[in-house]
Amino acid sequence: MALSKNTVKYIKSLQVKKFRQKYNNFVLEGDKIAREILQQETLEIEACYAIAPWIEANRSLLQRFSDKIHTIDEADLKKISGLTTPNQVLVIAKQPQIKLDTSELQQNLTLYLDAIQDPGNMGTILRIADWFGLPYVFCSRDCVDVFSPKVVQATMGALLRVKTLEIKLIDLQKQTSDLPVLGAVLNGANIFDTKLPKVGILVIGNESQGISQETEALLTHRIAIPPAASSGAESLNAAVATGIIVAILKNIS
């Protein structure tokens, strides 16, 4: 059955943040992430649009979603896809309603992202959090939307396991006043020579501007990854720096 113009318009509107917020939904595309979200029971599925061969190959997985599965042809998939090359299936899911559990923060390292703008960096950072078992990634209001299609694709499913919340750091601190707040800054203390806590909030700044002055004022630990003496690089990619620092902090005995 061909998709109506209104359905196509609605699905395409979810490429835009204001409509994702309006409907509280987001889009996931592709075989791997579609199967992953259909297997989990955390997020509510609104609809799944897929070509017939994919539906046939995943029939057992789709049994409990029989009223939400829509068989479409490749032409209709192309109309609703945000990908250059549409990939068999598109799922619409409800955005999770995350509640902050401060007890989790008292026992774990968590991330706070200050104006991370690049979808690839955001997706990679969420994958890093997933890999190292970080329960939360907090985002400033001016971060790229974690539910944007490009970020969702870049997370490779990590978004389904890592809880994300948009919050000001100062408001987060009010609920976790005794937690250390570490920030990666160019003139910070050498991370390899400094005694650091293994529990706390790690702040990662904007790709070009770093941590904002307002956020930097809240840091309790200013840290940096020192370059080699022969290095000519001005800085590390935000996601790369995140991976290095998290790996070090998670391995403090």
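To start, this report covers the structure provided alongside it. (Residues numbered from 1 in each chain as written. Predicted model: local features only at pLDDT ≥ 70, side-chain atom pairs only at ≥ 80, totals over all residues. Heavy atoms only, no water.)

**A few points about the sheet that holds strand E6 (residues 136-139)**
Across the sheet, 6 strands lie side by side as E7-E6-E5-E9-E8-E10; this open sheet has parallel pairing. Edge positions in the sheet fall to strand E7 (163-166) and strand E10 (221-224), since each of these pairs with one other strand and no more. Sheet twist, expressed as the mean angle between neighbouring strand axes with direction ignored, is 35°. Along the sheet, helix H8 (residues 119-131) contacts strand E5 (109-113), E6 and E7; its crossing angle with E5, the most-contacted strand, is approximately 170°. (Pairing = 2+ DSSP bridges. Helix = DSSP H or I, 4+ residues; strand = E, 2+ residues; numbered from the N terminus. Axes fitted to C-alpha atoms, helices over the stretch in contact; angles between N-to-C directions. Contact = heavy atoms within 4.5 Å.)

**Points about the nonpolar core**
Formed by 66 residues in total, the largest nonpolar core has its most connected members in Trp54, Leu113, Met122 and Leu202. Residues contacting Leu113, with those up to four places away along its chain left out, are Met122, Ile125, Val137, Phe138, Cys139, Ser140, Cys143 and Ile204. The next biggest cluster of nonpolar side chains, apart from the first, holds 15 residues, and it includes Tyr112, Phe138, Ile167 and Val185. (Core = buried A, V, L, I, M, F, W, Y, C linked by side-chain atoms within 4.5 Å. Buried < 20%, exposed > 50% of the residue type's maximum accessible area, 1.4 Å probe, protein only.)

**Things to note about the sheet that holds strand E3 (residues 69-71)**
Taken in spatial order, the 4 strands make up an open sheet running E1-E4-E2-E3, and their pairing is mixed. A strand with exactly one partner marks an edge of an open sheet, and here the two such strands are strand E1 (25-29) and E3. The sheet shows a mean angle of 15° between the axes of neighbouring strands, taken without regard to direction. Relative to strand E4 (residues 89-94), E1 runs antiparallel, the two sharing 5 bridges. In the sheet register, Phe26 faces E4, and the bridge partner there is Ala93.

That's the geometry; what it means functionally is another story.
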